Amino acid sequence: MHLQRYSGLLRFRLLLISTLLFSLGCSAQSDKSRDETSALNRRIEQKVRTTFSLPSDLGVTVGKREPSEIPGYDKVPVTLSRGAKSSTHDFLVSKDNKTLIEWQKLDLSKDPMQAIDTSGRPHRGNKDAKVTIVNYDDFECPFCSRMHQTLFPDLMKTYGNQVNIIYKDYPLVSIHPWAMHAAVDANCLAEQSNDAYWDFADYTHANQKAINGEKREIKEEYAKLDQITEDVGKKHNLDMARVDACVKKQDESTVKASMAEGDKLGVEATPTMFINGERVAGAMPDPELRAVIDRALKDAGQTPPATPTAAAATPDSTAGPAGTAPAKSGKQ
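This section reports on the structure supplied with the text. (Residues numbered from 1 in each chain as written. Predicted model: local features only at pLDDT ≥ 70, side-chain atom pairs only at ≥ 80, totals over all residues. Heavy atoms only, no water.)

**Quick notes on the nonpolar core**
- Counting 56 residues, the largest nonpolar core has F139, L151, I165, I275, L289 and I293 as its most contacted members.
- Residue contributions to this core peak at eight residues, all from helix α3 (residues 179-190).
- If sequence neighbours within four positions are ignored, L289 has contacts with M147, T150, L151, L155, M273, I275 and M284.
- Of all hydrophobic cores here, the second largest spans 12 residues; its members include I44, L54, L58 and F91. (Core = buried A, V, L, I, M, F, W, Y, C linked by side-chain atoms within 4.5 Å. Buried < 20%, exposed > 50% of the residue type's maximum accessible area, 1.4 Å probe, protein only. Helix = DSSP H or I, 4+ residues; strand = E, 2+ residues; numbered from the N terminus. Contact = heavy atoms within 4.5 Å.)

Printed below as a string of structure tokens:
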């Protein structure tokens, strides 16, 4: 009877010990797996930073690994972040953890141009043209200034009625303090006049440094923009009471809607253009931009114009808006 009791206790203790060892083994295995995952994630982060030359202040976070539709590979999301802005990009990592592939699944069923609201936006060119160029623009962005001067007047002279160019607002407010104000002012002019909007756009892009000035406070930059708006409005005989009320109100809702639209399309920097749906990011050199437009024309059944033998001179950046006096630098 005592032997049975001790035998029972022994079996219970053995069972308890084996259960404890099993749980410890699971825990050890889990810790090992976590260490391997952390090490792999660090390698992925380093490879992404190095391959794409990412700035050191850009956050890189490797997400949860999941099975993919590609045999031999799992999917790993990598999120890039700076401040409140972030974007997530999918990568494929091989089962043996030796290969990383940038993965982008393209949806052929959706046309980006259908997701862009161009209703009521000022345009240049032929509104019925077979090729539409939508440019997400920032009035304070130096690369946008360069792109603007590539588009106007040389490119327009070459393509004429074969293209329609439309600007949408995408001010990078975190680094360009007066870009939002400029976009609102431009839209105040656009409410009454297509040409007044483009006069403002031409002048502002050509005179960014004059608007910035030297050690000028932001309220003075706003005042300068408002004065440009006033000058352009008067030149085009607009209802100035309406323009002034719009400028004073500074309603940012239209601009923010355009920014949200750009975010959905994957716009992350300016300038970003969509040429009949083909995305073009950055201040693309003139020959490369013409190649994209020519391709769009051919796809639309149109014959591209002959390449110009020499580029025409760019507009005089010292001229004031629509014939007004040159802009002054420094404080007013």
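Now that the structure has been shown, we can carry on.
**Thoughts on the sheet that holds strand β6 (residues 123-125)**
- Taken in spatial order, the five strands make up an open sheet running β6-β8-β7-β9-β10, and their pairing is mixed. Each having just a single partner strand, β6 and β10 (278-281) make up the two edges of the open sheet. Averaged over all adjacent pairs, the angle separating strand axes in this sheet is 20°, with direction ignored.
- Pairing of strand β7 (residues 131-137) with strand β8 (residues 163-169) involves seven bridges; the strand directions are parallel. Within β8, the residue paired with V134 across the bridge is I166.
- In the packing of helix α9 (residues 286-299) onto the sheet, the strands contacted are β7, β8, β9 (272-275) and β10, and the crossing angle to β9 comes to about 25°. (Pairing = 2+ DSSP bridges. Axes fitted to C-alpha atoms, helices over the stretch in contact; angles between N-to-C directions.)

**Concerning the packing of α3 against helix α6 (residues 218-235)**
- One can describe the packing of α3 onto α6 by two numbers: an axis separation of 10 Å at closest approach and a directional angle of 15°. By the criterion of interaxial angle, the relationship of α3 to α6 is roughly parallel. α6 is crossed by α3, and the crossing has right-handed handedness. Where α3 abuts α6, its residues H181, A182, D185 and L189 lie against Y222, L225, D226, T229, V232 and G233.
- Grouping the constituent residues of the contact of α3 with α6 by class yields five nonpolar, three polar and two charged. (Parallel < 35°, antiparallel > 145°, perpendicular 65-115°, else oblique. Left-handed = near helix turned anticlockwise from the far one by under 90°. Nonpolar A, V, L, I, M, F, W, Y, C, P; charged D, E, K, R; others polar.)

**Section: the pattern of salt bridges**
- A full pass over the atoms with the stated rule returns 12 salt bridges.
- Linking R124 and D202 is a salt bridge whose minimum nitrogen-to-oxygen distance equals 2.7 Å. Here R124 is found in strand β6, whereas its partner D202 is found in helix α4 (residues 194-206), with 78 residues between them in sequence.
- Judged by relative accessible area, R124 falls into the buried class, the value being 19%.
- Each member of the salt-bridge network shares a partner with another, and the members are R65, D74 and K95. (Salt bridge = Lys/Arg side-chain N within 4 Å of Asp/Glu carboxyl O.)

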